[in-house]
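This is what each chain is made of:
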Amino acid sequence: MAVMGVQVVVTLLAASLMQKMAPHWSFARWLLCNGSLRRYKHPSDEELCALAGKQRPKAKRDRRMNGMMDDKPLSVPRDIDLRLDTSPITALDALVLRYFLDYQWFVDFAVYSTAVYIFTEGYYCLVDPQKEMNIGVLWSLLTVVFSVKVFFMVMRHYFRSEEGGERSVCLTFAFFFLLLAMVALVIREDYLEFGLEPALAGVSTNLESILKQRGWEWTLPIAKLAFKLGLVALCSFLGACLTFPGLRLAQTHLDALRMAADKPLTQVLLHGSFLAPVLVVVMWIKPISRDFLLHAPMGKQTVQIMSDSAYNTARLWTIVGLCLLRLAVTRHHLQAYLGLAERWVEQMRKEAGRIPVLEIQRKITRIYCYVSVVSLQYLGPIILTFHCTLLLKTLGHHSWGLYPEPPPVPAAVAVAPWRPGTEDVRAAMEQVTAVLGGIFTPLFFRGLFAFLTWWVAACQVVTSLFGLYFHRYLAAS
């Protein structure tokens, strides 16, 4: 362990446990298959025919012998008194779910990543190793990347839809979020306190000293413009990926409230989890958050309730708590989604005419088979927000309140002259490390991950509120 390092050993142990324990215990599988979620089973042909007052359909062999080989599909009246049977979701039932293996791997990786991060935080708090890389940051970065990959996978599924309406919705919201990101980046720091402008100013100062030595100072404005354009493009892509998760969240929120009509505490938790992104967005609006707490009006005087560092710590803990709250009501949202099968049957009974038996069975089965996709849409934004917050804390040199917060002073860039010799490779690596350390300072990471955390919450607010309006008013009409 002394040769490899404590963090490397913990990383190898976590990777090995994730691989070996997956067939035996999985948090993602337990979340779906612990017996609390109940799925609706599609009725058989015999049950539908019995409800419609028909005889049991004959087999193809009997119909061929009686000369009744017609290709007309079996149908029943829409207003039949159909009642769906339910059964708990088991591990065997989950094997037929679409994207279930992707869902299981992603959620389990996020769990192990969180465990590794907690260990490294305790390790740095107790030992304070100066020359070791924080391996928990690497796990959290990978979790953020995999979150975006999962969003892209689900959005690509919508783009391949035959109807094409989902594709138009994604493109429309991508363009809308492109405009919204440009507006957010031009708002002054007095209103939205991401810290991007001070971060870019520090990066420009450090880059200028490097580029002047090589005569490339003319590329500095281009680099700043390219960074902002890249950030806007990333925001537009994330907004498009978070469109359908937000719309789905609004639908399951309304259905979950309807199912918990006689449970006031559950309704309070559901409302709190739905409004969690709104609170995250508000915490970066400086006049109504930081300024109000640091200069609270008390009559004709102002009182400072907490310091700057205490507010940063409270904001981190608040986001973590809101993520845990949304995780706690996961079962209610997933059960509300599974209840769409019963709601569809109730709507079918209000219509006139006949419907093919196969269409009833397909509709009910399709709702169940996509529960893992809905789980990804619900848990993905939570995981992304949570690990962006962890990266904001560690790379931005914030504190959990257990030990003092170091000031984010940008590191000075000292580029050593190139000296050829036997240590060329080592000297080059040290030089590159010093340059990167001077450019990507804690101040830069504070601005970047504060903006990304706020942006993910803002996208959820916009899409969920639009989904709330759509499902309550437009879809009902």
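Numbering of residues begins from 1 in every chain and follows the order in which that chain's sequence is written. The predicted origin of the model limits local features to residues at a pLDDT of at least 70 and limits the giving and counting of side-chain atom pairs to 80 or more, whereas totals for whole chains, interfaces and linings rest on all residues. Side-chain figures throughout are based on the complete set of non-hydrogen atoms in the structure, without hydrogens or water.

Chemist: Tell me what's going on with the overall build of the chain, and back it up with residues and numbers.
Modeler: Strands here mean DSSP runs of E at least two residues long; helices mean DSSP runs of H or I at least four residues long; both are numbered from the N terminus. Assigned secondary structure in the chain consists of 20 helices and six strands. Here the term buried applies to any residue with accessible area under 20% of the maximum for its type, exposed to any over 50%, and partly exposed to those in between, with areas from a 1.4 Å probe on protein chains only. Burial status across the chain gives 45% buried among its 477 residues. Expressed as a percentage of contacts within the chain between residues at least 6 apart in sequence, the contacts between residues at least 24 apart total 82%. Accessible surface area values rest on a Shrake-Rupley calculation with a 1.4 Å probe, where residue burial reflects the displayed protein chains alone. Surface exposure of the chain reaches about 25600 Å², of which carbon and sulfur atoms provide 64%. The criterion used for residue contact is that any of the two residues' heavy atoms lie within 4.5 Å.

Chemist: Describe the pattern of salt bridges, naming the residues involved and giving the relevant values.
Modeler: Opposite charge on two side chains permits them to pair, given that their charged atoms come into close proximity. Definition used for salt bridges: Asp or Glu carboxyl oxygen within 4 Å of a side-chain nitrogen of Lys or Arg. In the structure shown here, the tally under the stated rule is 11 salt bridges. The partner of glutamate 351 in a salt bridge is arginine 78, with the nearest N and O atoms 2.9 Å apart. Pair noted here: glutamate 351 is in the loop between helix 16 (340-349) and strand 6 (354-356) and arginine 78 is in the loop between strand 2 (75-77) and strand 3 (85-88), with a separation of 273 residues, a long-range link. Arginine 258 is paired through a salt bridge with aspartate 255; the nearest N and O atoms lie 2.7 Å apart.

Chemist: I'd like a description of empty space enclosed by the protein, backed by residues and values.
Modeler: Each cavity reported here is a set of points on a 1 Å grid over the protein atoms alone in which a 1.4 Å probe fits but cannot get out, each pocket an open set with protein on both sides within 12 Å along at least five of seven lines, and each lining residue one with an atom within 4 Å of a point. Grid points are joined across faces, edges and corners, and a volume is the space filled by probe spheres set on the points. Per the stated rule, a full pass over the model turns up six cavities of 30 Å³ or more. Contributing to the lining of the largest cavity are 14 residues, with Pro245, Gly246, Leu249, Gln377 and Tyr378 lying nearest its centre. At the level of secondary structure, the elements contributing two or more residues to the lining of the largest cavity comprise helix 10 (243-259), helix 15 (330-338) and helix 18 (371-395). With five residues, helix 10 is the largest single contributor of residues to the lining of the largest cavity. In this classification, Asp, Glu, Lys and Arg are treated as charged, Ala, Val, Leu, Ile, Met, Phe, Trp, Tyr, Cys and Pro as nonpolar, and every other residue, Gly included, as polar. For the lining of the largest cavity, the class distribution of residues is seven nonpolar, five polar and two charged.

Chemist: Help me get a handle on a nonpolar patch on the surface, residues and values and all.
Modeler: Together, Leu13, Leu17, Met21, Trp25 and Trp30 make up an exposed nonpolar region whose accessible area comes to about 500 Å². The greatest single-element share of the nonpolar patch, amounting to three residues, is contributed by helix 1 (residues 6-21). Note on placement: tryptophan 30 falls in helix 2 (residues 27-33). You can call tryptophan 30 partly exposed: its relative accessible area is 45%. Nonpolar side chains (Val, Leu, Ile, Met, Phe, Trp, Tyr) within 5 Å and like charges within 9 Å form the patches, drawn only from residues with over 30% relative accessible area and no salt bridge.

Chemist: Describe a positive patch on the surface, naming the residues involved and giving the relevant values.
Modeler: When charges are counted, Lys and Arg contribute as positive and Asp and Glu as negative, whereas His and the chain ends are disregarded. In plain terms, the charge of a residue is placed at NZ if it is Lys, CZ if Arg, CG if Asp and CD if Glu. Taken together, the side chains of Arg98, Lys149, Arg156 and Arg160 make up a positively charged region of the molecular surface. Here arginine 156 falls in the partly exposed class, since its relative accessible area comes to 38%.

Chemist: Help me get a handle on the nonpolar core, residues and values and all.
Modeler: Among soluble globular proteins, nonpolar side chains are generally buried collectively. Ranked by size, the top nonpolar core spans 118 residues in total, and within it Leu32, Tyr103, Phe451, Trp454 and Trp455 carry the most contacts. When near neighbours in sequence (up to four residues on either side) are disregarded, leucine 32 contacts Leu37, Ile89, Leu97, Phe100, Tyr103, Leu334, Val371 and Ser375. Take the buried Ala, Val, Leu, Ile, Met, Phe, Trp, Tyr and Cys residues and link them wherever side-chain atoms come within 4.5 Å; each set so joined is a nonpolar core. In terms of nonpolar packing, the next biggest core, distinct from the first, is built from seven residues, Ala14, Met18, Phe109 and Tyr112 among them.

Chemist: How would you explain the packing of aromatic side chains if you had to name every residue and give the values?
Modeler: Only Phe, Tyr and Trp rings take part, Trp by its six-membered ring, and two of them pair if their centres are within 6.5 Å. Stacked means planes under 30 degrees apart, edge-to-face means over 60, and tilted covers everything else. All chains considered together, the criterion is met by 24 aromatic pairs. With a centroid separation of 6.0 Å and 40° between ring planes, the pair formed by phenylalanine 152 and phenylalanine 237 is classed as tilted. Note that phenylalanine 152 is positioned in helix 6 (residues 135-159) and phenylalanine 237 in helix 9 (residues 220-241), a separation of 85 residues in sequence. Accessibility expressed as a relative area gives 37% for phenylalanine 152, which makes it partly exposed. Ring centres of phenylalanine 173 and phenylalanine 466 lie 5.5 Å apart, and the angle between their planes is 70°; this geometry places the pair in the edge-to-face category. Note that phenylalanine 173 is positioned in helix 7 (residues 165-186) and phenylalanine 466 in helix 20 (residues 442-474), a separation of 293 residues in sequence. Overall, phenylalanine 173 belongs to the buried group, its relative accessible area being 11%. Site record: aromatic cluster; members linked through ring pairs are Phe173, Phe176, Phe177, Phe194, Phe451, Trp454, Trp455 and Phe466. Arginine 326 extends its terminal NZ or CZ atom over the ring of tyrosine 378, reaching a point 5.9 Å from the ring centre. Any Lys NZ or Arg CZ found within 6 Å of a ring centre and within 35 degrees of that ring's normal is scored as a charge over the ring.

Chemist: Quick rundown of helix 9? Include the residues and the values.
Modeler: Expected span of a helix: the number of residues minus one, times 1.5 Å. The first and last C-alpha atoms of helix 9 sit 32 Å apart over 22 residues, in line with the 32 Å expected at 1.5 Å per residue. If you check which residues of helix 9 are buried, you get Leu220, Leu231, Val232, Cys235, Ser236, Leu238, Gly239, Ala240 and Cys241.

Chemist: I'd love a proper account of the packing of helix 6 against helix 18, names of residues and values included.
Modeler: Lines are fitted to the C-alpha atoms to define the axes, a helix being fitted only along its stretch in contact, and any angle between axes, read from their N-to-C directions, falls within 0 to 180 degrees. At a minimum axis separation of 9 Å, helix 6 and helix 18 run at an interaxial angle of 150°. Taken together, the axes of helix 6 and helix 18 are roughly antiparallel relative to one another. Taken as a pair, helix 6 and helix 18 cross one another with a handedness that is left-handed. Taken together, the residues of the contact of helix 6 with helix 18 sort by class into 17 nonpolar, seven polar and no charged. To sort the angles, those under 35 degrees are grouped as roughly parallel, those over 145 as roughly antiparallel, those from 65 to 115 as roughly perpendicular, and the leftovers as oblique. Here a crossing is taken to be left-handed if its near helix is turned anticlockwise relative to the far helix by less than a right angle, and right-handed if that turn runs clockwise.

Chemist: Can you break down the confidence of the model for the chain residue by residue, with the values?
Modeler: Every residue is assigned a pLDDT by the predictor, reflecting its confidence on a scale from 0 to 100. For the chain, per-residue confidence averages 84 on the pLDDT scale, and 84% of positions sit at 70 or higher. Averaged pLDDT values for the elements of the chain fall to 52 in helix 4 (residues 60-65) and rise to 95 in helix 12 (residues 276-282). Considering only residues more than four positions removed or in separate chains, one finds that residues 65-69, a stretch of pLDDT under 50, has six contacts. Within the model, the stretch residues 408-413 combines pLDDT values under 50 with 15 contacts to residues more than four positions away or in other chains.

Chemist: Lay out helix 6 with the relevant residues and their values.
Modeler: Look at helix 6: 36 Å from first C-alpha to last across 25 residues, which is about the 36 Å you get at 1.5 Å a residue. Of the residues flanking the start of helix 6, the one acting as N-cap is asparagine 134, its side-chain oxygen 3.0 Å from the backbone nitrogen of glycine 136. Each polar contact in these results corresponds to two N or O atoms within 3.5 Å; when the atoms are within protein, one needs to be able to donate a hydrogen and the other to accept it, and residues that are neighboring in sequence are counted only if both atoms are side-chain atoms.

Chemist: Can you explain the packing of helix 15 against helix 18? Please cite residues and give values.
Modeler: For the pair helix 15 and helix 18, the least separation of the axes is 10 Å and the interaxial angle reads 140°. What the angle tells us is that helix 15 and helix 18 run oblique. Taken as a pair, helix 15 and helix 18 cross one another with a handedness that is right-handed. On helix 18, the residues touching Thr330, His333, Leu334, Tyr337 and Leu338 of helix 15 are Val371, Val374, Ser375, Tyr378 and Leu379. Of the residues belonging to the contact of helix 15 with helix 18, the class tally is seven nonpolar, three polar and no charged.

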